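Inside the fold
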Amino acid sequence: MTTFFSNVPIWVFPLFVLLLVLGFRASKDRKVPVLVISAMPLLGLLTVRNILSLSPPSWIWLIAAFAYFCGVLFGMKVQHSLIGERTKRFAVVKGEWMTLTAMMLIFCAGFANGFLTAMAPFVTSSSIFLVLFVVATCAPAGHFLGRAITTVRTKISPAT
């Protein structure tokens, strides 16, 4: 077990802690800069990087696009009930656990990808793994874009 942890890159542990802190913080009602909400879809770039590392067949990108689109729709639908008020620069957002769940799905899938690539590369080249990996990373990444779209489209309060 110690060999396992000693072979994990050092940056993985601080990233894990940071994502946990951000996820638990998102479970509380908060005032969030719209710029931060708008930047969250950039997590999708990590997903693309991870998919590219698998040298996927071209058909996997259709599944990735579909999963991402479903995530966007889900994010847009759910976000409506979470935005309390929006000013020009900030949005008041109700506490929720989807942020933590989405970040941990992306992180854990990327971690599993790295682990399996090193330990059992034949697994990561299987179609089943590719489909599960793409869905497990693209749908949560799309959720962040759906959140950003809904937040930006929310009417700004007249008191700004």
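An account of the accompanying structure is given in this report.

Positive phi is not limited to glycine here, since Ser55 has a value of about 50 degrees. Note that Ser55 resides in the loop between helix H4 (43-52) and helix H5 (60-79). Accessibility expressed as a relative area gives 61% for Ser55, which makes it exposed.

Right, let's get into the sheet that holds strand E3 (residues 90-93). Spatially, three strands are ordered E1-E3-E2 in an open sheet, and the strand pairing comes out antiparallel. The open sheet terminates on both sides in strands that have one partner only, identified here as strand E1 (30-33) and strand E2 (83-86). Averaged over neighbouring strand pairs, the angle between their axes works out to 25 degrees when direction is ignored. Of the pairings in the sheet, the one linking E2 to E3 comprises three bridges and is antiparallel in character. Within the sheet, the bridge partner assigned to Ile83 lies in E3 and is Val93.

Looking at where Glu96 falls in the secondary structure, it is placed in the loop between E3 and helix H6 (98-119). Engagement of the side chain of Glu96 in a polar contact is seen with the side chain of Thr99, the distance being 2.6 Å. Dropping the residues within four chain positions of it, Glu96 is found in contact with Ala26, Ser27, Arg30, Leu82 and Arg147.

Rules of the game
- Residues numbered from 1 in each chain as written.
- Predicted model: local features only at pLDDT ≥ 70, side-chain atom pairs only at ≥ 80, totals over all residues.
- Heavy atoms only, no water.
- Helix = DSSP H or I, 4+ residues; strand = E, 2+ residues; numbered from the N terminus.
- Buried < 20%, exposed > 50% of the residue type's maximum accessible area, 1.4 Å probe, protein only.
- Pairing = 2+ DSSP bridges.
- Axes fitted to C-alpha atoms, helices over the stretch in contact; angles between N-to-C directions.
- Polar contact = N/O pair within 3.5 Å; in protein donor to acceptor, adjacent residues only side chain to side chain.
- Contact = heavy atoms within 4.5 Å.

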